[in-house]
Structure formats: structure tokens, C-alpha cells
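# Fold and geometry: a report
What follows is the residue order along each chain.
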Amino acid sequence: MKNQRLAHSWHSIRVRILLATVGLILALGAAALYHATRDLTSVLEIELKNRGLAISRDLAARSTSPVLTSDVFALYQLVNDTRTNNPDVRYVLLVDPKGRVLVSTFPNGVPAGLLDATRRIEGHDQKVTPLNTNEGAVLNVSTPVFEGQQGTVHVGMTEANIRRRVTAHVFRLAGLVALAMLGASVVVFFTSSIIVRPMERLVEAVRAVGRGNLGQKVRVEGASEVKALAQAFNSMTDELGA
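Let me sum up the structure you'll find in this document. Computed from a prediction, not measured in an experiment: that's the story for all the values here.

With that settled, consider the pairing of strand β3 (residues 127-133). Where β3 and strand β4 (residues 136-144) come together, 7 bridges link them in antiparallel fashion. If you follow Thr-133 over to β4, its bridge partner there is Gly-136. Counting the residues in the hairpin turn of β3 and β4 gives 2 residues.

Here is the structure:
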């Protein structure tokens, strides 16, 4: 008997409406989170790329004179200031036309894999090359110095900050979805109760009639359809008791 009541409760209109509402909100929330993550990531990646191009161009222009005069100290100061003042810059690397390192922001030398990757980037135009490193994805922005005659500047723009910003945004959206789901569930529960309770009383009255209580009556309340059903039931019991 207890199992039958439990099964009935899970198949009640109230539970079905509640589950349908929660499912709908979850589906819409998941779709919103997916599109928000994709769009925000795309916007931030474009912003990162444009910032990297601007930093690389500025660095190439400012390093022309120190390269021509072989002022290594000025070059070190330039690349280190660029690295310090731009949180998204992971590294700065200046190489000569033969690919030999002039200065870099790596205190222990440029990693061999990164050096090989930059040497494969050829040409006299600005280029943006995605690189996979042990620290995550990096955009390598290369800009020729003095049209490539004096070397090339490589600026590595890390995507770590993008990932953190996107993750924080997604968590905020997920929290809003959870609040919306909770609020909607409360509203649906109480709204469905207004509909379901008169019907539950009607069901109990029908059972009472089945037990022989032909004078059973129900209150006429609720939605118009429920009122019509209650009136019909009361009319039926009046005729049965006559």
C-alpha cells in the first residue's frame, strides 16, 4: 500500500509539472551556458590577438634603434618592461635574421621547443601562430624589425587569463540558472497545488461515494474546469440520494 502511494505521488500532475519545468529550465540553461562560453571565448581571443599585434608592433618599432647600435642593455630593459607591464604576455623573444636569440624574458634560456617553433615562422609580415606549450595555449605574435633586416620580435600571449575569465563568467551564469530553477520550482509547486488540491478532494469524495456515502459533497472551487467537475459531482450525488 505504501509503495502504491509512493508510485502515485511520482505520477501525480504536480510532480509531472514540476519535473517538466525543471527539465525545461535545465535545457535552456545548458544551451545558454554553451553559447555564452563559446561567444565570450571568441571575443576574448580576438581581443587577445589584437592586443598582441599592437604590443608586438610597438616593441619592434622601439627595438630598431637598440638593435642597430647593439645596445643589449636597452633591449633587455625593453623586453622585460613589456613583459612586466602586460599580464597576458608570457614571453618576449628577439632574434636576429639567422634565428639566433638576441634577448628574451627567459632567465634560464629559451626552451628548445619554443625556439624551434619560432624559427619555422618565416616571412616579413606580422603573423599570429597558435602554440601548445606545457603551460597551455599561447598565441605567438611575430613582427619583423626594420622589415626583417634586423631580426624578428616574438611575443607570446597566454590564454590562461581568458580561461579564468570565461570560467568565472560560466560559474556566475550557472548560479543564476540554479536560482531561476529554484524560484520556478517553488512557483510551480504552489501554482500546481491550487489546481491539484480540489481534484484530490474530489477523488476522496468519489471514494466515499463508492463506500456508500451518497450524501458526499465537495466545495466548488478552483479553475473553471475543476468547478464544473465539482458541480457535476454534486449533482450526481443529489440524484443518487434522491
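The rest of the description comes next.
As a further point, take the nonpolar core. Nonpolar side chains in soluble globular proteins tend to end up buried together. Leu-59, Val-89, Leu-94, Val-153, Val-155 and Met-157 are the most contacted members of the largest nonpolar core, which has 22 residues in total. Elements with a minimum of two residues in this core: α2 (13-68), α3 (72-85), β1 (89-95), β4, β5 (152-158) and α5 (160-210). Of the residues forming this core, the biggest block, 7 residues, is contributed by α2. Formed by 10 residues, the second largest nonpolar core is a distinct cluster that contains Leu-114, Leu-115, Ala-117 and Leu-131.

The buried fraction of β5 is high, at 7 of 7 residues. Here β5 shows a buried face lined by Thr-152, His-154, Gly-156 and Thr-158 and a second buried face lined by Val-153, Val-155 and Met-157. Sheet topology note: the β1/β5 ladder contains 6 bridges and is antiparallel. Residue Val-92 lies in a different strand from β5, and its bridge partner there is Val-155. Here β4 runs beside β5; their pairing, made up of 7 bridges, is antiparallel. Bridge pairing links Pro-144 to Thr-152 in β5.

Definitions and limits used
Residues numbered from 1 in each chain as written. Predicted model: local features only at pLDDT ≥ 70, side-chain atom pairs only at ≥ 80, totals over all residues. Heavy atoms only, no water. Pairing = 2+ DSSP bridges. Helix = DSSP H or I, 4+ residues; strand = E, 2+ residues; numbered from the N terminus. Core = buried A, V, L, I, M, F, W, Y, C linked by side-chain atoms within 4.5 Å. Buried < 20%, exposed > 50% of the residue type's maximum accessible area, 1.4 Å probe, protein only.

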